[in-house]
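What follows is each chain in one-letter form.
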Amino acid sequence: MSMSSSLLSSTTTTTTTAIHCNTSNAAFFSSSSSSSSSSFVSCQFHSTSISFNSLTSSCRRIRINPNHLKVLKKKLKVKCCSIGIVEPLKVMISGAPASGKGTQCELIVKKFGLVHISTGDLLRAEVSSGTEIGNKAKEYMDSGSLVPDEIVTAMVTTRISGEDAKEKGWLLDGYPRSLEQAESLERINLRPDIYIVLDVPDEILIDRCIGRRLDPVTGKIYHLKNLPPETEEIRARLITRSDDTKEKVKSRLETFKNNAEAISSTYMDILKKIDGSRPKEVVFEEIVSFLLQVQKAKEKVSLLRKSVVKSNVKVSSMGQDNWRGIPTRLNNIPHSREIRKYFYDDVLYATQRAVADGKTLLKVEINIPELNPEMDVYRIGTLMELVRVLALSFADDGKRVKVCVQGSMGEGALAGMPLQLAGTRKILEFMDWGDYGALGTFIAIGSIGSKEVDAQDDVFILVAPQNAVGNCIIDDLKAMTDAAGTRPVVLINPRLKLWD
Ligand code: AP5
C-alpha cells in the first residue's frame, strides 16, 4: 500500500475528518466510515476568483467529480429540506442482562418521546404470537444465547426506518449485541448520537434477574424486592421470564462480556458509561443530563447549517463582476486581514460542515501564494491563524481540541525551510488564544503520535507539513488517526498529496 493510500484508508475506516493542505493548495475532507457512501466536492480558488466550498454554489465555480454527482444531488435535496429543523435524538442503550436498560428506556421514552426499539421485546412478541421468526428465536432465547444476526438485524432495520422513528427519534435497546450487528448498522450509515452503557457488577445483575417480574397487561417491569408491585391484583398477574434463571443469566452474562468490547470500540467517541448500580432515579438523572447535552449540540449544528446556507446564498447571488478576487502572484506582501478572514471563514464553514455531516467527503483547493510552500511568499502565520480560527470555533462549541505539530526532526530540522515549519509549536504557544483562557482548558498543544490521544479530547488538528516522501510522518499520523477512532481529525499539510 502506498503511503498516501494508507493514510487515506486510515481516515475512511475511522470516520475522521481531515484537512489537508497540498503543495499549492489546501484541501479539506471528511470521510464516513463507509467510503462507498461518500460524496466528493472540489472547489478551486482560481487566480482571479475565489469560490466557496458550498454545495449550493454555482456549478460554474464548483468542479464536481462526475462519479459522485448523483450522490451529491441526492444529498443536496436532503440538506435543503432539513435546514433549520433540529434532527431528533438517536440513542443506543447497552448493558449486561438486568443492568436496567428496559427500566431506563421506560423513563427516557416518557421524557423525550423517542420510539423505543427493544430487540428483546420484539423477539418476545414474535415468540408469544407463534410466528415463524418467533419459533426460530425461541430456542436461542431459552438457552440464553444470541438469536442469529440476520433475524434480528432485519427486524431492527425495518423498525428503525419507520416514519415514527424518523420523526420522533429512536432509542435502540439491546442492539447491536455483536460486532457483526454493529458493522451492519455502520454499513447503512446508521449511527446514534450517543451510546449509553449501564455498568453493574455481576452479583447485582444476577439478583435483579432472579427477582424480576413482568406485568403482561401494562408491560411494566417490577422487582420483588427493589420495585414491588403497587397492588395485590398486579402481583397476582406478574410473570417471570423464561430466561431469568440463575444458570441462564450466567450464560447471557458471558455472551454479553464476550461481545461488549468489540461493540464499544465502534462507538468509542460517543460512549457514555454510567454506573447502573445506583437507584433508578439517580441513573436516569445522569442519562437525562447527557441527552440534554446532545440535544443542545444538535441545535447548534442546525443553526450552523442555517448560517452556512445563508452565507452561501449571499455568495452565489453575487455576479462575476462583483466577485472579490484574491490577488495572487503579486509580491510578497501578505493578503489583507479582510481577505484572510474571508478565506478562514470559508475554510471554517467547510470544516464545521464536514464534521457535522459524517457522510460528506469534501476537498477544497486554495491556490494563494501565501499558502504555497513553493513560492517565496509562503507565510506560516497565515496557516497558524487558520489553525487558531478552527480550534477556537470548536472550543466555542464546548469541544476539547488538541492542536498537534510534528515532534522534533533532529538534524534535518532546518532542511527545506519553510516546509518543515520548525518552531511551529513555539509559535502556537505564543499566539493569542483569546481572552477567556481557551489555551490550557479547551485547547491543548501536543505533538503528532498516538500517545497524544487522550480520552477527553474531542477533536484533533494536526499540523504536519512534512514532505511525505522525505522524512516520513505517515506512520505517526496513521497511529494517531487510529487512536482517535471516530473522533474528527483535521489534517493540515501542504505537501501530502492524498488526492493526486
Ligand atoms: P433482552 O430482553 O434484551 O434481555 P437482556 O439484554 O438480557 O436485558 P434484560 O431485559 O434482561 O435486562 P434490562 O437491562 O432491560 O433490565 P431491566 O430494566 O429489565 O433480550 C433477551 C434475549 O433476546 C437475549 O438473551 C437474546 O437471546 C435475544 N436478543 C435480544 N437482542 C438480541 C440481539 N440484538 N441479537 C441477538 N439476540 C438478541 O431490569 C432488570 C431488573 O432490575 C428489574 O426487575 C428492574 O426492576 C430492576 N432494576 C432495574 N434498574 C434498577 C436499579 N437502578 N436499581 C434496582 N433495581 C433495578
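Residues numbered from 1 in each chain as written. Predicted model: local features only at pLDDT ≥ 70, side-chain atom pairs only at ≥ 80, totals over all residues. Heavy atoms only, no water.

Which entries qualify depends on this criterion: UniProt positions are given in the numbering used here, feature names are shortened, and annotations may be inferred rather than shown by experiment.
The name given to the chain in an unreviewed UniProt entry is adenylate kinase, and the organism recorded there is Aquilegia coerulea. Regarding the chain, the relevant UniProt record gives this comment under Subcellular location (unreviewed entry): "Plastid, Chloroplast". Under the heading Sequence similarities (unreviewed entry), UniProt records this for the chain: "Belongs to the adenylate kinase family."

1. Let's talk about the site of the ligand
Cut-off, in case you're wondering: Residues are labelled near a given molecule or strand when at least one of their non-hydrogen atoms is within 4 Å of it. Polar contact is the term for a pair of N or O atoms within 3.5 Å; when the atoms are in protein, one must be able to donate a hydrogen and the other to accept it, and sequence-neighboring residues count only if both atoms are side-chain atoms. Counting from the N terminus, the helices are DSSP H or I runs at least four residues long and the strands are E runs at least two residues long. Residue type decides the class: Asp, Glu, Lys and Arg count as charged, Ala, Val, Leu, Ile, Met, Phe, Trp, Tyr, Cys and Pro as nonpolar, and the leftover types, Gly among them, as polar.
Close to the ligand lie 34 residues; Thr-103, Thr-119, Arg-177, Arg-212 and Arg-252 are nearest. One of the side-chain N or O atoms of Arg-208 is found 3.3 Å from a nitrogen atom in the ligand. One of the side-chain N or O atoms of Asn-226 is found 3.3 Å from a nitrogen atom in the ligand. If you list the elements that add at least two residues to the shell around the ligand, you get helix 3 (101-112), helix 4 (119-129) and strand 10 (221-223). Its residues assigned to classes, the shell around the ligand comprises twelve nonpolar, twelve polar and ten charged.

2. Structural notes on the sheet that holds strand 6 (residues 115-118)
Defined as follows: Two strands qualify as a pair provided that DSSP identifies no fewer than 2 bridges between them. Fitted lines through C-alpha atoms give the axes, limited to the stretch in contact for helices. The angle between two N-to-C directions lies from 0 to 180 degrees.
In space, the five strands of this open sheet follow the order 6-7-5-8-11, with parallel pairing throughout. Edge positions in the sheet fall to strand 6 and strand 11 (271-275), since each has one partner strand and no second. Across this sheet, the average inter-strand angle for adjacent strands is 20°, counted without regard to direction. Summarising the sheet, strand 8 (residues 194-199) and strand 11 pair through five bridges and their orientation is parallel.

3. Observations concerning the pattern of salt bridges
What counts, and what does not: The working definition used for a salt bridge is a side-chain nitrogen of Lys or Arg within 4 Å of a carboxyl oxygen of Asp or Glu. Three exposure classes are used, based on accessible area relative to the maximum for each residue type with a 1.4 Å probe and protein chains only: buried under 20%, partly exposed in between, and exposed over 50%.
This structure, assessed with the given rule, holds 26 salt bridges. Here Glu-87 and Lys-90 are joined by a salt bridge, their closest N and O atoms 3.5 Å apart. Where Lys-402 meets Asp-454, a salt bridge forms, and the shortest distance between an N and an O atom there is 2.8 Å. Here the residue Lys-402 occupies a position in strand 13 (residues 401-405), and Asp-454 occupies one in the loop between strand 14 (443-447) and strand 15 (459-463), the gap between them amounting to 52 residues. Judged by relative accessible area, which is 5%, Lys-402 ranks as buried. Here the residues in one salt-bridge network are Arg-212, Arg-241, Asp-243, Asp-244 and Arg-252, joined through shared partners.

4. Some thoughts on the sheet that holds strand 13
Spatial ordering of the open sheet is given by 14-13-15-16, a layout of four strands whose pairing is parallel. Of all the strands in the sheet, just strand 14 and strand 16 (489-492) have a single pairing partner and so form its edges. Neighbour to neighbour, the strand axes of the sheet diverge by 20° on average, direction disregarded. In this sheet, strand 16 lies alongside strand 15 in parallel orientation, the contact comprising four bridges. For Phe-460, the partnering residue across the bridge sits in strand 16 and is Val-489.

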